[in-house]
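Understanding the architecture of this molecule
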Amino acid sequence: MEEKLKYLTLVGAGALIGSVSTVALLKLLSRSSVKQQQHDETSLTRLLENGMESERTPVTSAIGHEDLLADDIVSEHLTRNIQFFDLEAQRKVTGSYVVVIGLGGVGSHAASMLLRSGVGKLLLVDFDQVSLSSLNRHAVATRADVGIPKAVCLKKHFSSIFPECHVDAKVLLYDSSSEEEILSGNPDFVLDCIDNIDTKVGLLAACVKRGLKVLSATGAGARADPTRIRVADLRESTIDPLSRSVRHRLRREHGIEGGIPVVFSLEKPKAKLLPFKGPNGEDENPSDYQIVPGFRVRIIPVLGTIPAIFGQIMASYVITQLAGLQVQMEPIVNLDLDHYRMLHQRLIEHEEAVYGTSAQVQVDVEEVKYIVKELWHGRSARDEAAKDVGRGMWRAMNELMLVRWDAKKPASVSNLILLKFKEADEHEAKTIEEVKETEAEFFEKVSCVLTKAELDFYG
């Protein structure tokens with residue numbers, strides 16, 4: 001009897017779940033058919049007829065008092081997010097407004113996942129159109145979308161994914177003249193997915209000035225290793241050429257030292273900009289073909305998976321921030337700027353003691369930071385693996401110093417190694433030829449690292 005009751009209970013529960021799912025599905029199909037018909041008749045035509053500035057509706061800071069999660073379909077759509085965050089945290093996400101600027105490989109994936117995660121209002125901004133060559137990395141574009149503005153393309157597809165989201169699409173170039181139109185309305189977050197330095201610097205400076213939360217993507221092109229992607233303060237993105245240029249210009253032109261989170265790769269680009277070929281197939285000056293001044297015409301090779309991962313990471317960062325979930329990003333090397341200053345000063349004093357002058361020291365604190373973090377990972381060149389992390393790494397710095405690899409060459413980025421005090425004394429007691437002869441494996445290891453530094457800094 002007891003087994004029969006259990007069986008009937010399971011059958012009843014299954015029927016109930018099936019009924020609820022069927023009702024929800026019917027509601028969804030009914031709503032979708034009406035919305036799709038209206039969309040097909042008016043949406044795309046209206047967007048394209050409005051020209052280069054589509055959907056010029058005023059942007060407001062709030063979605064209103066509407067609770068999207070009170071809708072059965074929306075609630076079911078976001079049920080896994082609700083289970084992950086809790087209802088109130090997800091309500092913060094659905095009540096938020098996010099601006100995404102730059103809708104290529106990175107921005108399209110970021111915007112798509114923000115939409116799927118229930119962000120209630122999105123402003124999508126890009127002046128460019130979908131091309132055939134962008135289909136290897138774009139989140140939703142198809143061949144039928146080629147030639148359509150990227151912002152319009154995303155809005156069209158988004159209407160069938162999460163139609164309750166209020167999506168504004170602007171076919172517009174961000175600059176000082178469009179700043180107010182794009183950044184007004186007090187967005188909860190701005191995503192910078194622009195790959196042009198001038199525009200990126202201007203946008204980031206404007207966000208800082210306005211007190212807006214902003215997350216910036218740096219170079220995703222010519223990379224292949226997803227395990228090297230990080231999220232950190234702009235000051236920490238030492239290896240990426242784009243972020244390095246942005247960092248210097250923000251400091252020089254706007255007095256901004258940091259405080260901007262960025263998604264970047266520790267991987268050195270595996271390819272350079274391709275030479276520009278004119279209509280006749282011969283190399284020509286790219287600037288002669290620029291439609292927009294300052295924007296890159298030459299092409300950088302892109303493995304589509306990496307921009308997609310950049311975009312997904314950006315969306316994850318923003319969604320957790322909006323929901324109020326604290327996520328501690330893994331530190332690259334857990335050291336303070338004071339540690340690098342200490343190592344730099346120690347190098348100067350050692351040079352003066354050994355060589356009588358520090359004139360051959362060709363590195364500053366920023367470059368010491370690169371050497372310690374990127375080349376030697378905060379440990380002695382003789383250590384095979386990391387032994388100290390966290391505060392242990394801090395204490396280990398008290399026993400480390402930078403010394404010349406080859407005493408005959410200056411103390412430059414490509415001629416400095418990190419060693420413990422005793423190891424440094426032993427190293428300086430030998431010539432580089434003796435090291436090569438007696439420790440061939442160690443010599444090869446260090447030579448490879450310093451060659452990398454040479455290429456990173458001097459090309």
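Note that the structure is a prediction, hence the values are computed from the model and not measured.

With respect to the element layout, aspartate 406 can be found in the loop between strand 8 (400-404) and strand 9 (416-420). Look at aspartate 406: it is buried, it has no salt bridge, and the nearest opposite charge is lysine 409 at 4.4 Å.

Formed by 64 residues in total, the largest nonpolar core has its most connected members in Ile101, Leu183 and Trp376. With near-sequence residues (within four places) excluded, isoleucine 101 lies in contact with Val125, Tyr174, Ile182, Leu183, Val190, Leu191, Asp192, Cys193, Ile194 and Leu203. Ranked by size, the runner-up nonpolar core spans 51 residues in total, among them Leu78, Phe85, Ile148 and Cys153.

Under the counting rule described, the total for this entry stands at four aromatic pairs. Considering the side-chain rings of phenylalanine 189 and tyrosine 317, the 6.3 Å spacing of their centres and the 90 degrees angle between planes classify their relative orientation as edge-to-face. Placement of the pair is phenylalanine 189 in strand 4 (residues 189-192) and tyrosine 317 in helix 10 (residues 305-323), with a sequence separation of 128 residues. The burial state of phenylalanine 189 is the same as that of tyrosine 317; both residues are buried. Measuring from centroid to centroid gives 5.8 Å for tryptophan 405 and phenylalanine 443, while their planes differ by 35 degrees, and the two rings are tilted. Taken together, the residues span a long stretch of sequence, with tryptophan 405 in the loop between strand 8 and strand 9 and phenylalanine 443 in helix 16 (residues 440-458) at a distance of 38 residues. Across the pair, phenylalanine 443 and tryptophan 405 agree in class, each one buried. By the ring-pair criterion, three or more aromatic residues cluster together here, those being Trp405, Phe442 and Phe443. Here the guanidinium or amino end of arginine 382 rests over the ring plane of phenylalanine 442, the centre of that ring lying 3.9 Å away.

This brings us to the pattern of salt bridges. If you walk through the whole model with that rule in mind, you get 18 salt bridges. Salt-bridge contacts for arginine 223 lead to aspartate 240; the nearest nitrogen and oxygen are separated by 2.6 Å. Here arginine 223, found in the loop between strand 5 (214-217) and strand 6 (229-233), pairs with aspartate 240, found in the loop between strand 6 and helix 9 (241-254); they are 17 residues apart in sequence, far enough to count as distant. On the basis of relative accessible area, arginine 223 is assigned to the buried category, the value being 5%. Between arginine 382 and glutamate 439 there is a salt bridge, with its nearest N and O atoms 2.8 Å apart. Separated by 57 residues along the polypeptide, arginine 382 in the loop between helix 12 (365-375) and helix 13 (391-396) and glutamate 439 in the loop between helix 15 (432-438) and helix 16 bring together distant segments of the chain. Salt bridges sharing partners connect three or more residues here, namely Asp198, Arg249, Arg252 and Glu253.

What counts as what
- For every chain, the first residue of its written sequence is number 1, and the numbers climb from 1 along that sequence.
- Given that this is a predicted model, residues contribute local features only at a pLDDT of at least 70 and side-chain atom pairs are listed and counted only at 80 or more, while totals for whole chains, interfaces and linings are drawn from all residues.
- The basis for the side-chain values is all heavy atoms of the structure; hydrogens and waters are excluded.
- The helix count covers DSSP runs of H or I at least four residues long, the strand count covers runs of E at least two residues long, and both are numbered beginning at the N terminus.
- Think of it in three bands: residues with accessible area under 20% of the maximum for their type are buried, residues over 50% are exposed, and the middle band is partly exposed, with areas taken using a 1.4 Å probe on protein chains only.
- The charge count treats Lys and Arg as positive and Asp and Glu as negative. His and the chain ends do not count.
- What counts as a salt bridge is simple: a side-chain nitrogen of Lys or Arg found within 4 Å of a carboxyl oxygen of Asp or Glu.
- In this description, a nonpolar core means a group of buried Ala, Val, Leu, Ile, Met, Phe, Trp, Tyr and Cys residues linked to one another through side-chain atoms lying within 4.5 Å.
- By the convention used here, residues are in contact when the closest approach between their heavy atoms is within 4.5 Å.
- Geometry of aromatic contacts follows a simple scheme: Phe, Tyr and Trp rings, the Trp one being its six-membered ring, pair when their centres are within 6.5 Å, and the pair is stacked under 30 degrees between planes, edge-to-face over 60, tilted otherwise.
- For a ring to carry a charge above it, either NZ of a lysine or CZ of an arginine must fall within 6 Å of the ring centroid while also lying within 35 degrees of the normal to the ring plane.

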